[in-house]
Amino acid sequence: LFLKSGFVRAPLQNGVGRYVCQLQRIVLKFCKSHGGSRGLRDYIEQDLVDFASNNPSVVVYLKPRRHRSPVVVAEYLNGDRVWMSMHNKTHSEITKWIEVIRTQQGDVSATRLRKYQYTDYPSIQGPWTPFTYKDPKLKVVELPNVEFGANNRLPMTATEQLKIMFEKKQLEIKPIEE
């Protein structure tokens, strides 16, 4: 009840014309001497320059703090902020989590889905039912009816065609009784 509600959709039709990275700013907070920050310090030393050069639209801040656990704070274009603790995580785990942060569009876990489908242009024809494409004569016919009960959607098989040809031949050959 307390979660904001919304629909599953791409923000501003992102990716239709071109892709715009939704991550605006990332702040890496770490301690220079604390053992729990070792993985984040390794990431900063080895991969941060590559991350910043591959993502020029993302502003990267480093914030050293004494005797505090490492934290990554991500801010997105829609105003969402995601806070993630990186305490005692390895270099490879941090690399994966930062990639997740980079590719998502904000704090989607805090959104209650109203519907599982969404469209900007809903149909004016109404929902599909099993009777949508049926013959209108079916509404006034008295059932059971041989014409409407026949399965005419499937093509006739070769065996059925041979049976019909055989029956026609039998009717032609039958001697006329006098």
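Definitions and limits used
Residues numbered from 1 in each chain as written. Predicted model: local features only at pLDDT ≥ 70, side-chain atom pairs only at ≥ 80, totals over all residues. Heavy atoms only, no water. Buried < 20%, exposed > 50% of the residue type's maximum accessible area, 1.4 Å probe, protein only. Helix = DSSP H or I, 4+ residues; strand = E, 2+ residues; numbered from the N terminus. Contact = heavy atoms within 4.5 Å. pLDDT = per-residue confidence, 0-100. Expected span 1.5 Å × (residues − 1). Arc of directions from axis to C-beta. Pairing = 2+ DSSP bridges.

Student: Just to check I follow, could you spell out helix α1 (residues 38–46) for this structure?
Tutor: Since the α-helix turns once every 3.6 residues, residues separated by three or four places project in the same direction. Within the span of α1, buried status applies to Gly-39, Leu-40, Arg-41, Tyr-43 and Ile-44. Along its buried surface, α1 packs onto β2 (23–30), α2 (48–54), β3 (59–64), β4 (71–76) and α3 (91–103).

Student: What exactly am I supposed to notice about the confidence of the model for the chain here?
Tutor: Do not read the predicted coordinates in detail wherever pLDDT is low. Averaged over all residues, the pLDDT of the chain equals 86, while 94% of them reach at least 70. Taken element by element, the predicted model of the chain shows its lowest mean pLDDT in strand β1 (residues 4–6) (76) and its highest in β3 (97).

Student: For this particular structure, what's the right way to read α3?
Tutor: Taking 1.5 Å per residue, 13 residues should reach 18 Å; α3 reaches 19 Å between its end C-alpha atoms and fits that length. Listed in full, the buried residues belonging to α3 are Ile-94, Ile-98, Ile-101 and Arg-102. With its buried residues spanning 100° around the axis, α3 presents them on a single face. Here the buried face of α3 lies against β2, α1, α2, β4 and β5 (81–85).

Student: What is the right way to read the side chain of Asp-80 from this model?
Tutor: In this fold, Asp-80 is placed in the loop between β4 and β5. Look past the residues within four positions of Asp-80 in its chain and what remains in contact with it is Lys-4, Ala-74, Glu-75, Gly-106 and Asp-107.

Student: Is there a simple way to think about the pairing of β2 in this case?
Tutor: In summary, the side chains of a regular strand alternate between the two faces of the sheet. Burial within β2 is extensive, with 6 of its 8 residues counted as buried. The pairing of β2 with β4 spans 6 bridges and is antiparallel. Each residue of the ladder has a partner; that of Leu-23, found in β4, is Tyr-76. Inspection of the sheet shows β2 paired to β3 by 6 bridges, in the parallel sense. By the bridge assignment, Lys-29 is partnered in β3 with Lys-63.

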